[in-house]
Amino acid sequence: MEISLRHGGDEVCVQRAFRMITEGKDVLDSLIAGVNIVELDPEETSVGYGGIPNADGVVQLDSGCMHGPKKWAGGVASIEGVRTPSKVAQFVASSTDHTT
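In short, a report on the structure. (Residues numbered from 1 in each chain as written. Predicted model: local features only at pLDDT ≥ 70, side-chain atom pairs only at ≥ 80, totals over all residues. Heavy atoms only, no water.)

### What about the pattern of salt bridges?
Here's step 1: Counted according to the given criterion, the structure contains three salt bridges.
Here's step 2: Ionic pairing is found between Arg16 and Glu11, a salt bridge with its closest N-O pair at 2.7 Å. Across this residue pair, the class does not change: Arg16 and Glu11 are buried.
Here's step 3: Between Glu11 and Arg19 there is a salt bridge; the shortest N-O distance is 2.5 Å.
Here's step 4: Its relative accessible area of 32% is what places Arg19 among the partly exposed residues. (Salt bridge = Lys/Arg side-chain N within 4 Å of Asp/Glu carboxyl O. Buried < 20%, exposed > 50% of the residue type's maximum accessible area, 1.4 Å probe, protein only.)

Printed below as a string of structure tokens:
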């Protein structure tokens, strides 16, 4: 299995997240930075904008996240035209009161 480093420079997603966590960055920010490497890879068909389209030929993405210390969560479903749905889910979590 070949691992794409296209958007991560020398790091794959887990390496990016682990490095940031061990540098003391916020855990959720670190994990999302790692996931973004895969989400931004057009050849990755499991997540992100390289994902497999639905029956209508449209790529729709879902994402969810939780931040334990801040006690908030957010999620999005079936969004279109967004390359990093994890960032949208984080924004929903951090800027709305839909989950407490």
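Further notes follow.
### Here's the deal with the side chain of Gln90
Here's step 1: Turning to its location among the elements, Gln90 is positioned in helix α3 (residues 85-95).
Here's step 2: Contacts of Gln90, omitting those with residues within four sequence positions, involve Leu28, Asp29, Ile32, Cys65 and Trp72. (Helix = DSSP H or I, 4+ residues; strand = E, 2+ residues; numbered from the N terminus. Contact = heavy atoms within 4.5 Å.)

### Regarding the packing of helix α1 (residues 13-22) against helix α2 (residues 27-39)
How two helices pack is summed up by the angle between their axes together with the distance between the axes.
Here's step 1: Their axes nearest at 7 Å, the elements α1 and α2 cross at an angle of 160°. Compared by their axis directions, α1 and α2 come out roughly antiparallel. Relative to α2, the crossing made by α1 is right-handed. Contact residues: Cys13, Arg16, Ala17, Met20 and Ile21 in α1; Val27, Asp29, Ser30, Leu31, Ala33, Gly34, Val35, Ile37 and Val38 in α2.
Here's step 2: Residue classes in the contact of α1 with α2 are distributed as 10 nonpolar, two polar and two charged. (Axes fitted to C-alpha atoms, helices over the stretch in contact; angles between N-to-C directions. Parallel < 35°, antiparallel > 145°, perpendicular 65-115°, else oblique. Left-handed = near helix turned anticlockwise from the far one by under 90°. Nonpolar A, V, L, I, M, F, W, Y, C, P; charged D, E, K, R; others polar.)

### Description of α3
Here's step 1: Looking only at α3, the buried set comprises Pro85, Ser86, Ala89, Gln90 and Ala93. For α3, the buried positions fall inside an angular range of 145° around the axis, keeping them on one side.
Here's step 2: Those residues of α3 that are buried are in contact with α2, β1 (61-67) and β2 (72-79). (Arc of directions from axis to C-beta.)

### Description of the environment of Val76
Here's step 1: For Val76, the position within the fold is in strand β2.
Here's step 2: We classify Val76 as buried; its relative accessible area is 13%.
Here's step 3: Sequence separation between Val76 and Gly64 is 12 residues; the distance between their C-alpha atoms is 6.4 Å.

### Digging into the pairing of β1
Here's step 1: Covered by surrounding structure in β1 are Leu61, Ser63, Cys65 and His67 only, the residues Asp62, Gly64 and Met66 on the alternate face being uncovered.
Here's step 2: As defined by bridge partners, β1 adjoins β2 across six bridges and the pair is classed as antiparallel. Opposite Gly64, over in β2, you have Gly75 as the bridge partner.
Here's step 3: The loop that links β1 with its antiparallel partner β2 comprises four residues; one of these, Lys71, has a positive phi angle of about 60°. (Pairing = 2+ DSSP bridges.)

Coordinates in, geometry out; function isn't part of it.
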